[in-house]
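# Structure at a glance
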Amino acid sequence: VIPLFVNQIKTGMPLTVTDLEMTRFMMSLDEAIDLVVYAFTNSVQGDIYVKKSPAATIETLVESLKVIFNAKNKIKVLGTRHGEKKHEVLLNRQELYKSEDSSNYYRIPLDNRNLNYENYFEKGNKPLSAEMEYTSENTYRLNKEEMIQALLKLDFIKSELKEYEEWKK
């Protein structure tokens, strides 16, 4: 949505959001490439890697963009669209339970268990029931200043800001 918001700022339109309290993970293209390279060099067949990333509310994102572009655009809340989630889930409780936690990534190994259901009729798996999910709601949340700093590192924002400042002259 960042290119949409930047375009709305540059054209003086209201910033259209579905829910200001909605959270999304924040990952730059460079960080996504680093994740792929890390997974390629460290994984075994069937592994899934998830990067631990900060999140932000949509409100923090749009307010940060307004500061960067020195914009006065109004914010128009449209309401949540069909099928849209308030928070992103990168690991469900089963994946989080079996994941290996490193400093920057979760590694989820291939699930090659058999379907031996008897164990669950008699014993169950209480620790799994207690696990949370890894979501954009329960990860580290960027504040406005941190979001501004992260956005200013993006080549897209740098070029759009330069173009916008030249246009305003």
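See the structure above.
Everything quoted here is computed from the prediction, not taken from an experiment. (Residues numbered from 1 in each chain as written. Predicted model: local features only at pLDDT ≥ 70, side-chain atom pairs only at ≥ 80, totals over all residues. Heavy atoms only, no water.)

With respect to the helices and strands, the residue Ser99 is situated in the loop between α4 (93–98) and β7 (100–101). Each C-alpha atom of the pair Ser99 and Val50 lies 9.7 Å from the other, and the pair is 49 residues apart in sequence. Aside from chain neighbours lying at most four places away, what touches Ser99 is Tyr106, Arg107 and Ile108. Polar side-chain contacts of Ser99 include one of 2.8 Å to the backbone oxygen of Leu96. (Helix = DSSP H or I, 4+ residues; strand = E, 2+ residues; numbered from the N terminus. Contact = heavy atoms within 4.5 Å. Polar contact = N/O pair within 3.5 Å; in protein donor to acceptor, adjacent residues only side chain to side chain.)

Each aromatic ring pair is summarised here by two numbers: the centre-to-centre distance and the angle between the ring planes. Scanning the entire structure with this criterion turns up seven aromatic pairs. With centroids separated by 5.5 Å and ring planes inclined at 85°, the aromatic side chains of Tyr38 and Tyr49 adopt a geometry described as edge-to-face. Here the residue Tyr38 occupies a position in helix α2 (residues 29–42), and Tyr49 occupies one in strand β3 (residues 48–51), the gap between them amounting to 11 residues. Taken together, a centroid distance of 4.2 Å and an interplanar angle of 10° make the contact between Tyr38 and Tyr105 stacked. Separated by 67 residues along the polypeptide, Tyr38 in helix α2 and Tyr105 in strand β8 (residues 105–108) bring together distant segments of the chain. Residue Tyr105 is classed as buried on the basis of its relative accessible area of 10%. Members of the aromatic cluster, each reached through a chain of ring pairs, are Phe25, Tyr106 and Tyr134. Positioned above the aromatic ring of Tyr105 is the side chain of Lys51, whose terminal nitrogen or guanidinium carbon lies 6.0 Å from the ring centre. (Phe/Tyr/Trp six-rings, centres within 6.5 Å; stacked < 30°, edge-to-face > 60°. Buried < 20%, exposed > 50% of the residue type's maximum accessible area, 1.4 Å probe, protein only. Lys NZ or Arg CZ within 6 Å of the ring centre and 35° of its normal.)

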